[in-house]
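Here's the letter readout for the chains.
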Amino acid sequence: MNASQTARERARASLTSEIKQAARGQLAVSGADSLSLRAVARELGMVSSALYRYFSSRDDLLTALIIDAYEALGDAVDRAVAAVPIAELRRRWFVICGSTREWAIEHPHEYALIFGSPVPGYEAPPDTVRPAIRVPLALVSVLSDGWFAKLVAHPYPEEAVAPTLATQVGRVTRAAAPGLPPWLMARGLIAWSQLFGMISFELFGQFVGSVTPTDDFFDHAVGMMADFVGLPDHPEPQESAMDEELRERHRAVMRAMRPPARP
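Procedures and definitions
- Residues numbered from 1 in each chain as written.
- Predicted model: local features only at pLDDT ≥ 70, side-chain atom pairs only at ≥ 80, totals over all residues.
- Heavy atoms only, no water.
- Helix = DSSP H or I, 4+ residues; strand = E, 2+ residues; numbered from the N terminus.
- Buried < 20%, exposed > 50% of the residue type's maximum accessible area, 1.4 Å probe, protein only.
- Expected span 1.5 Å × (residues − 1).
- Contact = heavy atoms within 4.5 Å.
- Salt bridge = Lys/Arg side-chain N within 4 Å of Asp/Glu carboxyl O.

**Section: the environment of F115**
- Of note, F115 is situated in helix 6 (residues 108-115).
- On the accessibility criterion, F115 (25% relative accessible area) is partly exposed.
- Along the chain, F115 and Y70 lie 45 residues apart, while their C-alpha atoms are 10.0 Å from each other.

**Details of helix 11 (residues 215-228)**
- Across its 14 residues, helix 11 extends 20 Å between first and last C-alpha, which sits within 8% of the 20 Å expected from 1.5 Å per residue.
- Taken as a whole, helix 11 has its buried residues at F218, A221, V222, G223, M225 and A226.
- Taken together, the buried residues of helix 11 touch helix 5 (89-106) and helix 10 (182-203).

**Brief notes about the pattern of salt bridges**
- Overall, the coordinates contain twelve salt bridges when judged by the stated rule.
- A salt bridge links D227 to R90, with the shortest nitrogen-to-oxygen separation between them at 2.8 Å. Here the residue D227 occupies a position in helix 11, and R90 occupies one in helix 5, the gap between them amounting to 137 residues.
- When its relative accessible area of 46% is taken as the criterion, D227 is described as partly exposed.
- Under the relative-accessibility criterion, R90 is labelled buried at 16%.
- Salt bridges linked by common partners bring K20, R24, D68 and E110 together as one network.

Right, here's the structure in full:
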C-alpha cells in the first residue's frame, strides 16, 4: 500500500478490495449473470446506497472484476516467462501457454468471467482492452523475436492470405509487431485461439471421457502449435548472441503489453 496515501484513501482502497472479493465469491456461487450490488452489500453488512459510492452500477463492478482477472493472468504469465532467456523461443512459448493454463485451473471462476459466455446486457468498455491483450502480445513477442532473428521457419512458397483477412491481420500487425508477414500473424492468431479453446474445453468439461487428465494432450498440442508458427525445435543461440536491433524490438513489444499504472 502506498505510504503517501491518506487514512481516508487507505480505508477506501481496503473497502474497495473487500467489495471485489465478496463479488468474486458471488461469481463462484451463482455466476456473473447473477452478480448483484445489493447481495454484495448484504454480505459486507453495508447498506446498498453506501456501496454505490464505490461502484456506480453492477456493470461498473463487473468491469473492475474483469480488469483484475486479466491483470492477474497477465502478471502470472509475466512472472513465469521472466525466468526464461529471450533467445529460448520455444521454451518461452511453452511457458506462456503453460502458465496461462495453470492460472486458469487455479482461478476457474475468474477465467469463466473473462473467457466464458458473455454476460447478458453487459458491454465491456475500452478500459478492458489493454489488460485483455497481455497474453496474446506475449505470444506475439515470441514470433516477433524469432522472425527478426531469422529463426522462424516459413512455408515455401509463402502461403497466400485472403484479401479481407490480410487487411484484418495487417491492422493487428501494425499495432502489435510491425514487420511480421501476414501469414505469420495469421498463424499466431490461430494458435492463440487454439490455446484458449483447449483451456476452455478442459475447464468446462468438454474433454471428459476422452483426454482426461489433459496434461499430455496439452503439452503435445502446444508443441504442435510451436511447429505451426515455425518455432525451431533445436537449441536457439545464447541470448548474448542476439543483436541489439532484436533486443530493442523485444523491448518495444514488452512496453506495448505493459499495462498503465494502476490507481
